[in-house]
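# Coordinate analysis (summary)
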Amino acid sequence: MKRHVFGAAVAALLFVGGVETAAAAEITITSGSAGQDFEIFKKLINEWSAKTGNTVKLFNTPNSTTDTLALLRQQFGAKSSEIDVLMVDVIWPGVIKQHLMDLKPYTKGSEKNHFPAIVANNTINGKLLAMPWYIDAGLLYYRKDLLDKYKKPVPATWEEMRATAQKIQDAERKAGNKEMQGYVFQGKTYEGLTCNALEWVSSYKGGSVIEGNGKITIDNPQAVKALDMAASWIGTISPRNVLSYTEEEARGVFQNGNSIFMRNWPYAWSLAQKDDSKVKGKVGVAALPKGGVDGQSAASLGGWSLAISKYSKHPAEAADLLLYLTSKEGQKRRAIQGSYNPTIPELYSDAEVLKAVPFASSLYEVFTHTVARPSTVTGEKYNEASGAFWNAAYATLSGKNKGTDSVKKLSGDLAHIRRGDKW
Ligand code: GLC
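Residues numbered from 1 in each chain as written. Predicted model: local features only at pLDDT ≥ 70, side-chain atom pairs only at ≥ 80, totals over all residues. Heavy atoms only, no water.

The line we're drawing: UniProt positions are given in the numbering used here, feature names are shortened, and annotations may be inferred rather than shown by experiment.
Going by an unreviewed UniProt entry, the protein carries the name ABC transporter substrate-binding protein and comes from Janthinobacterium tructae. A UniProt comment under Subcellular location (unreviewed entry) is attached to the protein, and it reads "Periplasm". Under Sequence similarities (unreviewed entry), UniProt gives the following word-for-word description of the protein: "Belongs to the bacterial solute-binding protein 1 family."

## Description of helix 10 (residues 247-255)
Rules: Only protein chains enter the accessibility calculation, which uses a 1.4 Å probe. A residue is then buried if its area is under 20% of the maximum for its type, exposed if over 50%, and partly exposed in between. Each helix is a run of H or I in the DSSP string that is no shorter than four residues. Each strand is a run of E no shorter than two, and both are numbered from the N terminus. A contact between two residues is defined here by any heavy atoms of the two lying within 4.5 Å.
Burial analysis of helix 10 places 7 of its 9 residues in the buried class, the great majority of the element. Three or more residues of helix 10 are buried, namely Glu-247, Glu-248, Ala-250, Arg-251, Val-253, Phe-254 and Gln-255. If you follow the buried residues of helix 10, they end up packed against strand 9 (139-143), strand 10 (181-184), helix 8 (191-203), strand 11 (259-264), helix 11 (267-272) and strand 12 (283-286).

## Details of the sheet that holds strand 9
Just so we agree on the cut-off: Any two strands between which DSSP finds at least two bridges are classified as paired. Note on geometry: axes are lines fitted to C-alpha atoms, helical ones only across the stretch in contact, with angles between N-to-C directions running from 0 to 180 degrees.
Ordered by their spatial adjacency, 4 strands build an open sheet running 10-11-9-12, and the pairing between neighbours is mixed. Across the chains shown, the open sheet's two edge strands, defined by having one partner strand only, are strand 10 and strand 12. Each adjacent strand pair in this sheet contributes to an overall mean axis angle of 15 degrees, direction not counted. Here strand 9 pairs with strand 11 via 4 bridges, running antiparallel. Looking at the pairing, Tyr-142 lines up with Phe-261 of strand 11.

## Re the nonpolar core
Formally: Take the buried Ala, Val, Leu, Ile, Met, Phe, Trp, Tyr and Cys residues and link them wherever side-chain atoms come within 4.5 Å; each set so joined is a nonpolar core. These domain boundaries are the output of an automatic or database domain assignment.
Ranked by internal contacts, the top residues of the largest apolar core, which has 127 residues, are Tyr-183, Trp-200, Ile-218, Trp-233 and Leu-414. A total of 8 residues in this core trace back to one element, the largest contributor, which is helix 18 (residues 382-397). Two domains each provide a minimum of three residues to this core, namely domain 1 (26-135 + 303-360) and domain 2 (139-300 + 372-417). Excluding anything up to four places from it in sequence, Trp-200 contacts Trp-158, Phe-185, Leu-193, Ala-226, Leu-227, Met-229, Ala-230, Trp-233 and Leu-397.

## Comments concerning the pairing of strand 3 (residues 26-31)
For clarity, the threshold we go by: Every crossover in which the path from the first strand over the helix to the second runs clockwise, viewed with the strands pointing away from the viewer, is termed right-handed.
Burial within strand 3 is extensive, with 5 of its 6 residues counted as buried. For the crossover from strand 3 across helix 1 (residues 37-52) to strand 4 (residues 55-60), the handedness is right-handed.

## Observations concerning the environment of Gly-338
Along the polypeptide, Gly-338 turns up in helix 13 (residues 328-338). For Gly-338, a relative accessible area of 1% gives the class buried. The spacing of Gly-338 and Gly-35 is 303 residues in sequence and 8.7 Å in space, taken between C-alpha atoms. Excluding its chain neighbours within four sequence positions, the residues that come into contact with Gly-338 are Gln-36, Ile-40, Tyr-267 and Ser-270.

## Brief notes about helix 9 (residues 221-233)
Note the cut-off: Helix span is expected to be 1.5 Å times the residue number reduced by one. We call two N or O atoms a polar contact when they sit within 3.5 Å, provided that within protein one can donate a hydrogen and the other can accept it, with sequence-adjacent residues counted only if both atoms are side-chain atoms.
Here helix 9 contains 13 residues, and its C-alpha end-to-end distance of 19 Å stays within 8% of the 18 Å for a straight helix at 1.5 Å per residue. Burial in helix 9 covers these residues: Ala-223, Val-224, Ala-226, Leu-227, Met-229, Ala-230 and Trp-233. In this fold, the buried residues of helix 9 make contact with helix 7 (158-174), strand 10, helix 8, helix 18 and helix 19 (403-418). Among the residues of helix 9, the N-terminal cap falls to Asn-220, whose side-chain oxygen and the backbone nitrogen of Gln-222 are separated by 3.0 Å.

## Considering empty space enclosed by the protein
One water molecule sets the probe size; rolling that probe over the atoms shows where empty space is left. To be explicit about the condition: Here a cavity denotes grid points, spaced 1 Å and computed from the protein atoms alone, that fit a 1.4 Å probe unable to get out, and a pocket denotes an open set having protein on both sides within 12 Å along at least 5 of 7 lines; residues with an atom within 4 Å of a point are the lining. Grid points are joined across faces, edges and corners, and a volume is the space filled by probe spheres set on the points. Residue type decides the class: Asp, Glu, Lys and Arg count as charged, Ala, Val, Leu, Ile, Met, Phe, Trp, Tyr, Cys and Pro as nonpolar, and the leftover types, Gly among them, as polar.
Applying the stated rule across the entire model yields 4 cavities of 30 Å³ or more. Taken as a whole, the largest cavity encloses approximately 410 Å³ of empty space. As for the largest cavity, its lining consists of 26 residues, and the residues nearest its centre are Asn-63, Thr-65, Tyr-134, Asp-136 and Trp-304. At the level of secondary structure, the elements contributing two or more residues to the lining of the largest cavity comprise helix 2 (65-77), strand 5 (85-89), strand 8 (131-137), helix 8 and strand 13 (301-308). Classifying every residue of the lining of the largest cavity by side-chain character gives 9 nonpolar, 11 polar and 6 charged. When residues of the lining of the largest cavity are sorted by domain, at least three fall in each of domain 1 (26-135 + 303-360) and domain 2 (139-300 + 372-417). By volume, the second largest cavity is sized at about 70 Å³. As for the second largest cavity, its lining consists of Thr-194, Leu-198, Val-209, Ile-210, Arg-373, Pro-374, Tyr-382, Ala-385, Ser-386 and Phe-389.

See below:
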């Protein structure tokens, strides 16, 4: 139907291809840059544009979540309306809550289709600040072909992982594979190291640094054991420059065929299976090893949601885009193309998803029993607290401090950041 309009109230109407629509908005959304994040984003976004007539600009963020947070804080500090929709790390809602819009008026209750724990994580004072988008959990990637060649099982404990890595690394180097490493992970001073170190500490049953009640528990013998163990890898099964690796550097080494084991998130799976991957068809994925036979396997809970900036000038269009991307169909597509694990439980029994991400069902337990970083209890101070933890882990890994000194100092640093009894 065409209407002839002259009034100011309807001046915002445009005719697009003969169809009357509201004036098209330009929406800017942040996109991750690891692996194929950007490419997959682009496809879905173009579809939404074609459907709605709005245009979307992608705002590419740095690879490290820590750098991205710093950048967003600058934008928020200036109350900039440049970014409408943003990807929000699972640890951020408490840190940036005052800059995010309540999504409840737009979602019509559809958050009920997602894992309740993530919805709870994103809800502060009754406001839904972000819609779940995908779940991350730390995983152990291994070279199936090399474990078969040396007749070794997938390691159940870190001790076993170390022994297997050393043995295969030595033998492969002797056979001419000079670049071969035993284990690569995220050792740089940033949030990724917090995730790795939390897994080590938790796997030895050394707690989660700061507990849900706010208590600082990192100064304990199991945590010391975990950190000293990880330090023993440096220069033996892990190259010294693992101390500058984020997820992408670790993936680069592993995907080039130069490491037996790797700690990474699910996104590395679909990339390892691509035609240009040197390890295509040779990779297995398992739960991370336990800290000793009495320990437990622990995977840090990671993942991202989508939120709308309070300073957006187009909240309604931004919400429409956000709901399109986080919907069942949107998440299914990302799961199939990029092995991003959905936040909608129903998709874990979808045949196409399971084919693309085989470990989504076999490691379902890993995804549903993760260790959360202490972001809820520390609220706005999370980033500072996490920084103290990654620095302590780094000091131990780099040989500057023994585990026992690191955790003692860290405990004091955290108490200082907390200032008083409450976070
Ligand atoms: C992944 C996780 C995120 C975590 C980050 C650390 O992106 O999804 O939660 O903070 O890695 O590097």
